[in-house]
Amino acid sequence: QVQLVESGGGLVQAGGSLRLSCAASGRTFSSYAMGWFRQAPGKEREFVASITGNGASTYYADSVKGRFTISRDNAKNTVYLQMNSLKSEDTAVYCCAARAYPRSDYPYWGQGTQVTVSS
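The paragraphs below set out a description of the structure included in this document. The written sequence of each chain sets the order in which its residues are numbered from 1. Thresholds applied to this predicted model are a pLDDT of at least 70 for local features of residues and 80 or more for the giving and counting of side-chain atom pairs; totals over whole chains, interfaces and linings are not thresholded and use all residues. Working from all heavy atoms in the structure, the side-chain values ignore hydrogens and water.

### Some words on the overall build of the protein chain
Convention followed: Strands here mean DSSP runs of E at least two residues long; helices mean DSSP runs of H or I at least four residues long; both are numbered from the N terminus. All radius of gyration figures rest on C-alpha atoms, and the globule criterion is 2.2 Å times the number of residues raised to 0.38. Burial here depends on accessible area, computed with a 1.4 Å probe over protein chains only, as a share of the maximum for the residue type. Under 20% is buried, over 50% is exposed, and the range in between is partly exposed. Any two residues whose heavy atoms approach within 4.5 Å at even a single point are treated as in contact. A 1.4 Å probe and the Shrake-Rupley method give the accessible areas. Residues count as covered only by the protein chains that appear here.
Secondary structure summary: the protein chain contains 0 helices and 11 strands in total. Secondary structure elements of the protein chain occur, N-terminal to C-terminal, as β-β-β-β-β-β-β-β-β-β-β. Over its C-alpha trace the protein chain gives a radius of gyration of 13 Å, about what one expects of a compact globule, namely 14 Å for 119 residues. Referenced to the eigenvectors of the C-alpha coordinate spread, the extents of the protein chain come out at roughly 40 × 25 × 25 Å. For the protein chain, with 119 residues in total, the buried portion stands at 42%. By sequence separation, contacts in the protein chain at least 24 residues apart represent 54% of the contacts at least 6 residues apart. Taken as a whole, the protein chain presents about 6400 Å² of accessible surface, with 46% of it coming from carbon and sulfur.

### Examining the environment of Arg 27
Summarising the element assignment, Arg 27 is placed in the loop between strand E3 (18-24) and strand E4 (32-39). Separated by 47 residues in the primary sequence, Arg 27 and Asn 74 place their C-alpha atoms 9.7 Å from one another.

### Here's the deal with the pattern of salt bridges
Short version of the rule: Throughout this description, the term salt bridge denotes a Lys or Arg side-chain nitrogen within 4 Å of a carboxyl oxygen of Asp or Glu.
Within the structure shown, the criterion is met by 4 salt bridges. Note that Arg 67 and Asp 90 form a salt bridge whose closest N and O atoms lie 2.8 Å from each other. Within this pair, whereas Arg 67 is found in the loop between strand E6 (58-60) and strand E7 (68-73), its partner Asp 90 is found in the loop between strand E8 (78-83) and strand E9 (92-100), the two being separated by 23 residues in sequence. Both residues of the pair, Arg 67 and Asp 90, belong to the buried class. With a shortest N-O distance of 2.9 Å, Arg 103 and Asp 105 are connected by a salt bridge.

### Details of the packing of aromatic side chains
What counts is decided by this rule: Stacked, tilted and edge-to-face are the three classes assigned to paired rings of Phe, Tyr and Trp, where Trp is represented by its six-membered ring and a pair needs centres within 6.5 Å; plane angles under 30 degrees give stacked, over 60 edge-to-face, the rest tilted. Counted as over-ring charges are cases with an Arg CZ or a Lys NZ within 6 Å of the ring centre that also lie within 35 degrees of the ring normal.
With the rule as written, the count across this model stands at 4 aromatic pairs. Seen in terms of ring centroids, Phe 37 and Trp 109 are 4.9 Å apart; in terms of plane orientation they differ by 55°. Their pairing is tilted. Remark: Trp 109 occurs in strand E10 (residues 108-109) and Phe 37 occurs in strand E4; sequence separation between them is 72 residues. We note Arg 99 situated over the ring of Tyr 106; from NZ or CZ to the ring centre the distance is 5.8 Å.

### What about the sheet that holds E3?
Where strands meet in a sheet, backbone hydrogen bonds hold them as pairs that are either parallel or antiparallel. Defined as follows: Two strands are said to pair when DSSP picks up at least two bridges between them. Working convention: axes come from line fits to C-alpha atoms, limited for helices to the stretch in contact. Angles between N-to-C directions cover 0 to 180 degrees.
Spatially, 4 strands are ordered E1-E3-E8-E7 in an open sheet, and the strand pairing comes out antiparallel. Lying at the two open borders of the sheet, with one neighbouring strand each, are strand E1 (4-7) and E7. On average, each strand axis in the sheet is inclined to that of its neighbour by 15°, with strand direction left out of account. As defined by bridge partners, E3 adjoins E8 across 6 bridges and the pair is classed as antiparallel. Paired with Cys 22 across the two strands is Val 79, which belongs to E8.

### With respect to the nonpolar core
Where we set the bar: Among the buried residues, those of types Ala, Val, Leu, Ile, Met, Phe, Trp, Tyr and Cys that are joined through side-chain atoms within 4.5 Å form a nonpolar core.
With 30 residues, the main nonpolar core has Met 34, Trp 36, Leu 81, Met 83 and Tyr 94 as its most contacted residues. With residues near it in sequence (within four places) discarded, Met 83 still touches Gly 16, Ser 17, Leu 18, Leu 20, Arg 67, Phe 68, Tyr 94 and Val 115.

What follows is the structure, encoded as structure tokens:
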């Protein structure tokens, strides 16, 4: 029902910025809340940020609060993650995910995009 493809990852220096994009298929993108998650080598996947279907509410992990911004453009079926002031500990594979009410989990996931922050 939902297919997700991330892009925009790459290698950046500490203190730099990247913008990740997640393109979704289908005609009901606005019905889905979207989230960004990341997983570093040897660590569990962790929540980064999420946004409601209409973009009215956003949520962030404490580790990225004030540095990352999640947004969406429902006309383009795309969710974004603007990452500023990047740190080496932000290095991870970043995945976007989608869920629809009334589910509380994220059943749909993209394949991920690598973000590497060098010092």
